[in-house]
Structure formats: structure tokens, C-alpha cells
Amino acid sequence: MSEDRPITLTPVKERDFQLHVVAPIVDSKFVLLGELGKITSISPDRILAVRPTQDDFALHVRGFMGEKVTMRFVNTESAEIVDILCIFNSVQINLVSPGRRSCGPL
């Protein structure tokens, strides 16, 4: 998206809708798009912190026992979509790293 390449939205019918996710690209090779399957893909109830790491960044993600959460990222160098599944074995906070493609207890 830029002044030369604006986002184009197409009209929809009354009962249709489109959901667009806009995410800033920061000094990292990954962009956080958020949690799959949610209309609000990034929430402070789920993502407690974002912190830089040597390779990219890491998220502190909260979940409850038995819950499965998939976080989506885009690699800005290759345009590859990276989905990371977190399975919470107890009420806990997991550390998600797109560069390492991992999710585990904090």
C-alpha cells in the first residue's frame, strides 16, 4: 500500500462483508497478522507483550488449558505466510517466535 498503490475496496451486498487486516511493517522480517479465526485478530487479552529478539521478535501469548491458538505472520522477504500453532497444556503464557517457528511455555 502506498500513494501510488492504494488499497481498493469493492462494494458488497447488504448481507456480505469483507474483512481486511492492515499491519505495519517494522524493523523485522516478519509482520504479525494475528490470531486466525478471530474477527479481532490482535487483542491485549491474548497477546500480552511483543518484545524484540536477536533474530526477529517474540510474543507473550495467553491461553487456557486445552486451547489451540494459531498465530499468523508474513515473511516480508519471501511473502511466505507462517502459521504457528500453540497448544496450551495448562493456563499459561507461551512464547511465540516467528523466526524459530515455535511456540512453547514461557
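Residues numbered from 1 in each chain as written. Predicted model: local features only at pLDDT ≥ 70, side-chain atom pairs only at ≥ 80, totals over all residues. Heavy atoms only, no water.

A. Examining the sheet that holds strand β6 (residues 92–97) more closely. Taken in spatial order, the four strands make up an open sheet running β2-β3-β6-β7, and their pairing is antiparallel. At either end of the open sheet lies a strand with only one pairing partner, and these are β2 (47–52) and β7 (102–105). Going from strand to strand, the sheet's axes swing by 25° on average, the running direction of each strand aside. (Pairing = 2+ DSSP bridges. Helix = DSSP H or I, 4+ residues; strand = E, 2+ residues; numbered from the N terminus. Axes fitted to C-alpha atoms, helices over the stretch in contact; angles between N-to-C directions.)

B. Inspection of the sheet that holds strand β1 (residues 30–35) at higher detail. Read from one edge of the open sheet, three strands run β1-β4-β5, paired in antiparallel fashion. The open sheet has two free edges, formed respectively by β1 and β5 (81–87), since each of these has just one partner strand. Neighbour-to-neighbour, the strand axes of the sheet open up by a mean angle of 25°, direction not taken into account.

C. Region of the structure containing the side chain of Ser41. Inspection of the secondary structure assignment puts Ser41 in the loop between β1 and β2. With relative accessibility at 16%, the residue Ser41 sits in the buried group. Separated by 3.1 Å, the side chain of Ser41 and the backbone oxygen of Leu33 make a polar contact. Beyond its immediate stretch of four places on either side in the chain, Ser41 contacts Val21, Leu33, Gly34 and Glu35. (Buried < 20%, exposed > 50% of the residue type's maximum accessible area, 1.4 Å probe, protein only. Polar contact = N/O pair within 3.5 Å; in protein donor to acceptor, adjacent residues only side chain to side chain. Contact = heavy atoms within 4.5 Å.)

D. Just the environment of Leu48, in detail. Topologically, Leu48 is positioned in strand β2. For Leu48, a relative accessible area of 35% translates into the label partly exposed. Taking the C-alpha atoms as reference, Leu48 lies 7.0 Å from Arg62; in sequence the two are 14 residues apart. Discounting residues that sit within four places of it in the chain, Leu48 has contacts with His60, Arg62 and Ile93.

E. Representation of the packing of aromatic side chains in the model. A complete count under the given rule lists one aromatic pair for this structure. Note on Phe57 and Phe73: the rings are 6.0 Å apart at their centroids and 55° apart in plane angle, and the pair reads as tilted. Of the two residues, Phe57 is situated in strand β3 (residues 57–63) and Phe73 in strand β4 (residues 68–75); the sequence distance between them amounts to 16 residues. Accessibility assignment for this pair places Phe57 and Phe73 in one class, buried. (Phe/Tyr/Trp six-rings, centres within 6.5 Å; stacked < 30°, edge-to-face > 60°.)

F. Highlighting the confidence of the model for the chain. Across the chain, the average pLDDT comes to 87, with 99% of residues at or above 70. Across the chain, element-level confidence peaks in β5 with a mean pLDDT of 94 and bottoms out in β6 with 89. (pLDDT = per-residue confidence, 0-100.)

G. Local environment of the state of the cysteines. The tally for this structure, following the rule as stated, stands at one disulfide. Between Cys86 and Cys103 runs a disulfide, and the two sulfur atoms are separated by 2.0 Å. Between Cys86 and Cys103, the S-S torsion sits near 120°, and that sign places the bridge as right-handed. Here the residue Cys86 occupies a position in strand β5, and Cys103 occupies one in strand β7, the gap between them amounting to 17 residues. (Disulfide = S-S within 2.5 Å.)

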